[in-house]
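Architecture at a glance
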Amino acid sequence: MSPRPVDFCNAPTITAPNAVTGESKMIEADVITGHLVDEVEGEKTDRIPIMGHPPSITSDLSLEEFLNAWNSSNKIIKLDFKSTEAFKLASPVIENAFKDAPPNRLPWLNADILPGPGPGDSPGVDADTFLKVSSKSFPDSILSLGWTTKRNDNDKYSEHYINDMVDVLFKNKYMKPVTYAVRASFAVNSISELQYLLETSPVGSTLTVWCSDSQDIINYPNLVQLINTVGENRVYLDLPDEMSKIFFQMYKSSSVASIKIGFQSLCLASLIVLKNVLF
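These numbers come from a predicted model, not from an experiment.

What counts, and at which threshold
Each chain carries its own residue numbering, running from 1 in the written order of its sequence. Note on the predicted model: pLDDT of at least 70 is required for a residue's local features to be given, and 80 or more for side-chain atom pairs to be given and counted; whole-chain, interface and lining totals, by contrast, use all residues. Only hydrogens and water are set aside; all other atoms, that is, all heavy atoms of the structure, feed into the side-chain values. To qualify as a helix, a DSSP run of H or I must reach at least 4 residues; to qualify as a strand, a run of E must reach at least 2; elements of each kind are numbered from the N terminus. For each residue, the accessible area found with a 1.4 Å probe, counting protein chains only, is set against the maximum for its type, and the residue is called buried under 20%, exposed over 50%, and partly exposed in between. The contact criterion used throughout is that any non-hydrogen atoms of two residues lie within 4.5 Å. The Shrake-Rupley method, run with a 1.4 Å probe sphere, supplies the accessible areas, and residue values consider only the shown protein chains as cover. Basic side-chain nitrogens of Lys or Arg form a salt bridge, by our definition, when they fall within 4 Å of a carboxyl oxygen of Asp or Glu. Think of it this way: DSSP has to see at least two bridges between two strands before they count as a pair. Handedness of a crossover is defined as follows: orient the strands so they point away from the viewer, and if the path from the first strand over the helix to the second runs clockwise, the crossover is right-handed. Any pair of N or O atoms that falls within 3.5 Å is considered a polar contact. Within protein, one atom must be able to donate a hydrogen and the other to accept it, and sequence-neighbouring residues count only if both atoms are side-chain atoms. When two rings of Phe, Tyr or Trp (its six-membered ring) have centres within 6.5 Å they constitute a pair, described as stacked for plane angles under 30 degrees, edge-to-face for angles over 60, and tilted for the intermediate range. A helix is expected to span 1.5 Å for every residue after the first. Angles here are taken between N-to-C directions and fall from 0 to 180 degrees, while the axes themselves are lines fitted to C-alpha atoms, restricted in helices to the stretch in contact. Roughly parallel means an angle under 35 degrees; roughly antiparallel, over 145; roughly perpendicular, 65 to 115; everything else is oblique. Here a crossing is taken to be left-handed if its near helix is turned anticlockwise relative to the far helix by less than a right angle, and right-handed if that turn runs clockwise. Side-chain classes follow a simple rule in which Ala, Val, Leu, Ile, Met, Phe, Trp, Tyr, Cys and Pro form the nonpolar group, Asp, Glu, Lys and Arg form the charged group, and the remainder, Gly included, forms the polar group.

This part takes up the overall build of the protein chain. Assigned secondary structure in the protein chain consists of 10 helices and 11 strands. Burial analysis of the protein chain (279 residues in total) assigns 51% to the buried set. Pairs at least 24 apart in sequence give 76% of the contacts found in the protein chain among residues at least 6 apart. As displayed, the protein chain has an accessible area near 13200 Å², and 52% of this comes from carbon and sulfur atoms.

Once that is clear, we can look at the pattern of salt bridges. Evaluated as defined, the whole model comprises 10 salt bridges. The closest approach of N and O atoms between Asp216 and Arg151, which form a salt bridge, is 4.0 Å. Of the two residues, Asp216 is situated in the loop between β9 (206-210) and α8 (220-230) and Arg151 in the loop between β7 (143-148) and α5 (159-171); the sequence distance between them amounts to 65 residues. We classify Asp216 as buried; its relative accessible area is 6%. Among the ionic pairs, Glu193 bridges to Lys156, the shortest N-O distance being 2.8 Å. On the criterion of sequence distance, the pair formed by Glu193 in helix α7 (residues 191-199) and Lys156 in the loop between β7 and α5 is long-range, its members being 37 residues apart. Three or more residues joined by partner-sharing salt bridges are found here, namely Arg151, Asp153, Arg183, Asp213 and Asp216.

With that settled, consider the pairing of strand β8 (residues 178-183). Most of β8 is tucked away: 6 of the 6 residues are buried. Side chains of β8 alternate between two faces, with Val178, Tyr180 and Val182 and Thr179, Ala181 and Arg183 buried alike. With 4 bridges connecting them, β7 and β8 associate as parallel partners. Looking across to β8, one finds that Gly146 is bridged to Ala181. Between β7 and its parallel partner β8, the chain crosses via α5, and the hand of that crossover is right-handed. Sheet topology note: the β8/β9 ladder contains 5 bridges and is parallel. Paired with Thr179 across the strands is Thr206, a residue of β9.

Now for the side chain of Ser141. Among the structural elements, Ser141 can be located in the loop between α4 (127-137) and β7. A relative accessible area of 7% means that Ser141 is categorised as buried. Within polar-contact distance, the side chain of Ser141 engages the backbone oxygen of Pro107 at 3.0 Å.

The full count for this structure, using the stated rule, is 9 aromatic pairs. Between Phe87 and Phe130, the ring centres sit 4.7 Å apart and the planes meet at 55°, which makes this aromatic pair tilted. Highlighted residues: Phe87 in helix α3 (residues 84-97) and Phe130 in helix α4, separated in sequence by 43 residues. Overall, the relative accessible area of 0% leaves Phe130 in the buried class.

This part is about unusual backbone geometry. A negative phi angle characterises most non-glycine residues, just as the trans form characterises most peptide bonds. The peptide bond linking Pro54 to Pro55 adopts the cis configuration, its omega dihedral lying at 10°. Here Pro55 is to be found in the loop between β3 (48-51) and β4 (58-59). The backbone of Lys173 sits at a positive phi, close to 55°, despite the residue not being glycine. Within the secondary structure, Lys173 is located in the loop between α5 and β8.

What follows deals with α3. The first and last C-alpha atoms of α3 sit 20 Å apart over 14 residues, in line with the 20 Å expected at 1.5 Å per residue. Within the sequence span of α3, burial applies to Thr84, Ala86, Phe87, Ala90, Ser91 and Ile94. Summarising the contacts, the buried residues of α3 are in contact with β2 (26-36), β3, α2 (63-70), β5 (76-81), β6 (108-115) and α4.

For the pair α7 and α8, interaxial distance at closest approach is 10 Å and the crossing angle is 25°. With respect to their mutual orientation, α7 and α8 come out roughly parallel. Crossing of α7 over α8 shows right-handed handedness. Taken together, the residues of α8 that come into contact with α7 (itself represented by Ile191, Leu194, Gln195 and Leu198) are Asn222, Gln225, Leu226, Thr229 and Val230. Considering only residue class, the contact of α7 with α8 consists of 5 nonpolar, 4 polar and no charged.

A word on the pairing of β2. Counting buried residues in β2 gives 10 out of 11 residues, a clear majority hidden from the surface. Pairing between β2 and β5: 6 bridges, direction parallel. Across the sheet, residue Asp30 finds its bridge partner in β5, namely Asp80. With 4 bridges connecting them, β2 and β3 associate as antiparallel partners. Bridged to Val31 within β3 is Met51. One ladder, built from 2 bridges, connects β2 with β4; its direction is parallel. Among the inter-strand pairings, Leu36 is bridged to a residue of β4, identified as Ser59.

Quick look at the structure:
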């Protein structure tokens, strides 16, 4: 199942009331392995999946607590796994939490599984493990597949990066629609390459164009062209508020833009906000 693409707006400073009652439809949270901060020193249990971002190894919120609490909301959850260990330890927790959930309530599963432009570092999540376990244990979840990246204003998703992704999906016989997480500053330089990627991917696959660094240089006319080339129903946007405003002003004024823009607002509240709301 592939939902209709929408606009993600990154909101790391969103207030707690807005996270619960605002228009936000999705919460994205990083999953690592480690220990809870309230464990007594010297009495730590085995590492468990917790909510946090590397290089942290402690958190006041476990994945199990996160899923139990958020299961009562109407939000969609996007889990971003930072290591193979985190994904493997998280898998039984996710299976248990969502065993009776309808497909439209299942979590999205995100991981950088290949090195990408920049050049990016070696990925923390093994591609074969992520695809095989997801196919078996989470057949109805949306997979968000990305490349590791580093800031480099002149790089792009060149042909070998695209082929690497196509090859790993073919190798693992993964034939379900996915969304490819692509860094905006590189994606705008890679229109033909990303068009080819979607054309050679399972029907229904999409792009999630993201930016987490306000210093990234984004060619907005090229971003408009990318969306018009692959189709607005095949692109998600995950941009900081200011970048999102600039893009939509340009997109709406574009002579080739659709009169009815097929995006809805979908903000990502931070993990800190979630903790403030729930506990």
